[in-house]
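Descriptive analysis of the structure
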Amino acid sequence: MTPRTRFGLVLLLAPVVLWLLAFQVIPLGLVLAVSLSTRGRYGGIVWEWGLHNYVRFLDPLYLGILADSLIVAGITTIVALAIGYPFAYYVASRPPQWRNILLLLVVIPFWTNMLIRTYAWAMILRANGFLNNLLIGLGLIDEPLQILYTQSAAVLGLTYVLLPFMILPLYAAIEKLDHRLVQAAQDLGASSWHVLRQVILPLTMPGVIAGSIMVFVPALALFFVTDLLGGARSLLIGNLIHRQFTQARDWPFGAASSVVLTLVSLVLIFVYVRFFSPKDDEEWI
Amino acid sequence: MGERPKVVLRGLTKEFGSVKAVAGIDLEIRRGEFLTLLGPSGCGKTTTLMILAGFEQPTSGEVWIDGNDVTAAPPNRRPVNTVFQSYALFPHMTVFENLAFPLRMQRTPKSELRRRVEEHLHLVQLSGYEERYPRQLSGGQQQRVALARAIIARPEVLLLDEPLGALDLRLRRDMQVELKSLQRRLGMAFVYVTHDQEEALTMSDRIAVMQNGRIEQIGTGAEVYERPSTRFVAEFIGETNLLPASVRKEPSGQHIASVLGLTRPVSGDVASSVVSSVDAYVYVSVRPERIRQAEVGEPALVGRVLDRIYVGSGVKVLAEVAKDCAPLRMLCAPHSPLAVVSPGDELRLTWDADDMVLLT
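A few words now on the overall build of chain B. A tally of regular secondary structure across chain B gives eight helices and 20 strands. With the C-alpha coordinates of chain B rotated into their principal frame, the extents come out at 80 × 45 × 40 Å. Of all 360 residues assigned to chain B, the portion counted as buried reaches 52%. Counting only carbon and sulfur atoms, one obtains 48% of the accessible surface of chain B, whose full area is about 16400 Å².

Right, dumping it as structure tokens:
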């Protein structure tokens, strides 16, 4: 490499490196540093290093919260995939002019604040809210159901908020699918199930992986949705971190919890991608 | 022959909105026959093939395969397989998996599956390529995999949708010969779609020439080339000279065609539709290689040479025979007397009655 091309390479990479430094490395470094410090008497940070915040996280109480969070995020991902995949497939198989309209419908809810939409769900789900009144009005139930402030409500809210993040990557992958491959599979004797299982799903797996990650990771941390819909009974890791930084004023423990969350997410993503990616490492789309 | 045909298409039509892609096709495909649907793009040949494969439902008409009405059967329940123009190999499967796919759909036992995949890879000269992915193969190799995948489950009929279109000329010629010999060895009925008349002539037992959703003519290569039944067929297959002519019937019963003043007896039967009146105006088709110089004393057309083009295997000569008529095209052997003319020369030209076809 001549000095000249090396200089050009540095110049080309500089924006990316600066971006990652400013928005990834430095913030994460700060969180990591704080997680190793000690909480001051009045909630400040005392720079006395140690792993005590991580040791504290090993308490079954916190591990239980982490496990609950993983379960809720996992269920949310599965529900979002179960709804999102058929929807994305339906959209991708419409004529092109319809696809854009349908995708616009997916995106329109984003134009309203997520918090307000979550409040709207609370209104719908509460004891004398829209849903219960409707069910009573139809004579299906006699007394209001307790839906709000359950884990199901939390999953519902998370799925609702995150569904577009599942649909869009899935749509991108399904839209790229060569329909002639589906025809070829049918031609070679494959039933609808085999076509789906052996051709459509494997070929759209990159979209499934991308969508799942984009739902799973935020679902672990969207504290306000679980706060508003899940109530006090479902404290998830996002809520825990939120409370450490606000009410509890324990930044070091909040930071340590954040680091644990980040590491667990990374490990799970790694396992997931490894497990579900095509056996062949090369790109085939 | 008395033998039941492999495929019967009866009164087949297909409309896309107001467009009639297939406008009434009746066709029988025999056992072990190589039949080509030949025509320009938009003639309905691919739509016909897609109906046969089950990807399109006909607007009306029936499809029978091996004595069964399969008109309403989905593609996976028809004993036909297709070689697609784009090959449509599964990119996420190895060559082995691609070939095994149709066998797995038939629940073939494992040991037999491996044996048959290897046998078919050998058949298309791709032994040792089992673990490759389609993208690691050349176009010609992908084409062979697609072919092997389509025949491995032993379909009753193999459909081929312009499978050689993406290959370069040399490879295409080699593959034409290979396909034909493979078809003979398998004894399988092939329905081949192409717009390339040379390809059709090289491989087919019979050619169905299509235009505007209909079959214009069906017959062996020699029949459609030498006895075209319409002007479209005459012009689409090979090169030809279409000349205006009038036909009259002699008292003896013999029909005489007058082409630009040159009279020639018409050989064979003349359809009554061609000659209904005393002086019928028609066209005659004469192939360029059938035009020759007239003997002394023989009636002839006088033409002036416009151009002489060397084409390797022969020489093309263009000669003007009448002011308002396209120049006469001739093809002759490199060292024949006609081949050594130069522009401006006057020639006396004629052809044998047998080499002329009357067309409306």
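There's plenty left to go through after this.
The next thing to look at is unusual backbone geometry. Unlike most non-glycine residues, Arg249(A) shows phi in positive territory, near 50°. With a phi close to 70°, Tyr87(B) is a non-glycine residue in the positive phi region. Mapping Tyr87(B) onto the fold places it in the loop between strand S6 (80-83) and helix H2 (95-105). Of the residues examined, Tyr87(B) reaches a relative accessible area of 6% and is grouped as buried.

Next up on the list: the interface of chain A and chain B. Bring the parts together and some accessible area is lost; that lost area is often taken as the interface size. Each partner contributes residues to the interface: chain A has 20 residues there, and chain B has 23 residues. Interface area for chain A against chain B, summed over the two sides, is near 2000 Å², with a carbon-plus-sulfur share of 63%. Summed over the three residues of chain A that lose the most area to chain B, namely Asp187(A), Leu188(A) and Gln198(A), the buried surface amounts to 33% of that side. At the boundary of chain A and chain B, one finds four residue pairs in polar contact (both at pLDDT 80 or more). Among the secondary structure elements, those contributing two or more residues to the side of chain A that touches chain B are helix H8 (179-187) and helix H9 (192-221) of chain A.

Attention shifts here to the pairing of strand S19 (residues 346-350) of chain B. Residues and elements named next belong to chain B. Two strands pair when backbone bridges link them, and strand S15 (residues 292-293) and S19 are joined in this way by two bridges, in the antiparallel orientation. In the sheet register, Arg292 faces S19, and the bridge partner there is Thr350. Where strand S16 (residues 301-310) meets S19, four bridges bridge the pair, whose relative direction is antiparallel. Among the inter-strand pairings, Gly303 is bridged to a residue of S19, identified as Leu347.

Okay, the sheet that holds strand S5 (residues 68-69) of chain B next. All names here are of chain B. Read across the open sheet, the four strands follow the order S2-S1-S4-S5; overall the sheet is antiparallel. Each of the sheet's edge strands pairs with one partner strand only, and the pair in question is strand S2 (19-29) and S5. Sheet analysis places strand S1 (residues 7-16) next to strand S4 (residues 60-65), joined by five bridges and oriented antiparallel. Within S4, the position partnered with Arg10 by the bridge is Glu62. Across the sheet, helix H1 (residues 45-53) is in contact with S1, S2 and S4; its angle to S1 comes to roughly 115°.

So, on to the nonpolar core. Of all hydrophobic cores here, the largest spans 95 residues; its most connected members are Ile237(A), Phe90(B), Phe101(B) and Val191(B). Apart from residues no more than four positions distant in its own chain, Ile237(A) is found in contact with Phe57(A), Ile65(A), Leu66(A), Ser69(A), Leu220(A), Ser257(A) and Leu261(A). Of all hydrophobic cores here, the second largest spans 33 residues; its members include Phe96(B), Leu137(B), Ala146(B) and Leu147(B).

As a general point, the strands of a sheet are linked pairwise by backbone hydrogen bonds and lie either parallel or antiparallel. Residues and elements named next belong to chain B. Taken together, six strands build an open sheet; the order of strands is S6-S7-S8-S3-S9-S10 and the sheet is mixed. The open sheet has two free edges, formed respectively by S6 and strand S10 (214-219), since each of these has just one partner strand. Averaged over all pairs of adjacent strands, the angle between their axes in this sheet comes to 20°, without regard to strand direction. Pairing between strand S9 (residues 206-211) and S10: five bridges, direction antiparallel. Opposite Val209, over in S10, you have Gln217 as the bridge partner. Relative to S6, helix H4 (residues 139-151) is tilted by about 175°, and along the sheet it contacts S6 and strand S7 (157-161). Strands in contact with helix H5 (residues 169-186) are strand S3 (34-38), S7 and strand S8 (189-194); relative to S8, the strand with the most contacts, it is inclined by about 155°.

With that out of the way, let us pick up the pairing of S3(B). Along a regular strand, successive side chains alternate from one face of the sheet to the other. Residue and element names in this part refer to chain B. Within S3, five of the five residues are buried, which leaves the element mostly enclosed by the surrounding structure. Note that S3 and S8 share five bridges and pair parallel. What sits directly across from Thr36, in S8, is Tyr192. Inspection of the sheet shows S3 paired to S9 by four bridges, in the parallel sense. Looking at S9, one finds that Leu38 is bridged to Val209.

Here we take up helix H10 (residues 223-230) of chain A. All names here are of chain A. Summarising burial for H10: six of the eight residues are buried, a large majority. Every buried residue of H10 is listed here: Phe224, Val225, Thr226, Leu228, Leu229 and Gly230. Considering only its buried residues, H10 is in contact with helix H5 (114-125), helix H7 (151-176) and helix H11 (237-245). In the segment just after H10, Gly231 is the residue with positive phi, at about 70°.

Turning next to the packing of H5(A) against H7(A). All names here are of chain A. The interhelical angle for the contact between H5 and H7, taken along N-to-C directions, is 140°, at an axis separation of 11 Å. For the element pair H5 / H7, the angle class is oblique. Here H5 runs over H7; the crossing is right-handed. Across from Met114, Arg117, Thr118, Trp121 and Leu125 in H5, the residues of H7 making contact are Ala153, Leu156, Tyr160 and Val161. Class assignment of the residues belonging to the contact of H5 with H7 gives a composition of seven nonpolar, one polar and one charged.

All names here are of chain B. Going through the model one piece at a time under the given rule, you end up with 27 salt bridges over all chains. Of the charged contacts, one joins Asp66 and Lys6 as a salt bridge, the two residues approaching to 3.3 Å between their closest N and O atoms. Placement of the pair is Asp66 in the loop between S4 and S5 and Lys6 in the segment before S1, with a sequence separation of 60 residues. Ionic pairing is found between Arg173 and Glu198, a salt bridge with its closest N-O pair at 3.0 Å. A residue pair is termed long-range when its members are at least 10 positions apart, and Arg173 in helix H5 and Glu198 in helix H6 (residues 197-203) qualify at 25 residues. With relative accessibility at 39%, the residue Arg173 sits in the partly exposed group. Among the charged side chains, a salt-bridge network with shared partners connects Arg4, Lys6, Arg31, Asp66 and Glu156.

Residue and element names in this part refer to chain A. Position of Arg39 relative to the elements: it lies in strand S1 (residues 38-39). Separated by 210 residues in the primary sequence, Arg39 and Arg249 have C-alpha atoms spaced 8.4 Å apart. Beyond its immediate stretch of four places on either side in the chain, Arg39 contacts Gly44, Val46, Ala248, Arg249, Asp250 and Pro252. There is a polar contact of 3.3 Å between the side chain of Arg39 and the backbone oxygen of Ala248.

All names here are of chain B. As for its placement among the helices and strands, Ser285 is situated in strand S14 (residues 280-286). Polar contacts involving the side chain of Ser285 include one to the side chain of Thr240, which spans 2.7 Å. Aside from chain neighbours lying at most four places away, what touches Ser285 is Ala234, Thr240, Asn241, Leu242, Asp355, Met356, Val357 and Leu359.

Criteria and cut-off values
Residues numbered from 1 in each chain as written. Chains lettered and ligands numbered in written order. Predicted model: local features only at pLDDT ≥ 70, side-chain atom pairs only at ≥ 80, totals over all residues. Heavy atoms only, no water. Helix = DSSP H or I, 4+ residues; strand = E, 2+ residues; numbered from the N terminus. Buried < 20%, exposed > 50% of the residue type's maximum accessible area, 1.4 Å probe, protein only. Areas by Shrake-Rupley, 256 points an atom, 1.4 Å probe, with all protein chains shown as cover. Contact = heavy atoms within 4.5 Å. Buried area = accessible area lost by both parts, 1.4 Å probe. Polar contact = N/O pair within 3.5 Å; in protein donor to acceptor, adjacent residues only side chain to side chain. Pairing = 2+ DSSP bridges. Axes fitted to C-alpha atoms, helices over the stretch in contact; angles between N-to-C directions. Core = buried A, V, L, I, M, F, W, Y, C linked by side-chain atoms within 4.5 Å. Parallel < 35°, antiparallel > 145°, perpendicular 65-115°, else oblique. Left-handed = near helix turned anticlockwise from the far one by under 90°. Nonpolar A, V, L, I, M, F, W, Y, C, P; charged D, E, K, R; others polar. Salt bridge = Lys/Arg side-chain N within 4 Å of Asp/Glu carboxyl O.

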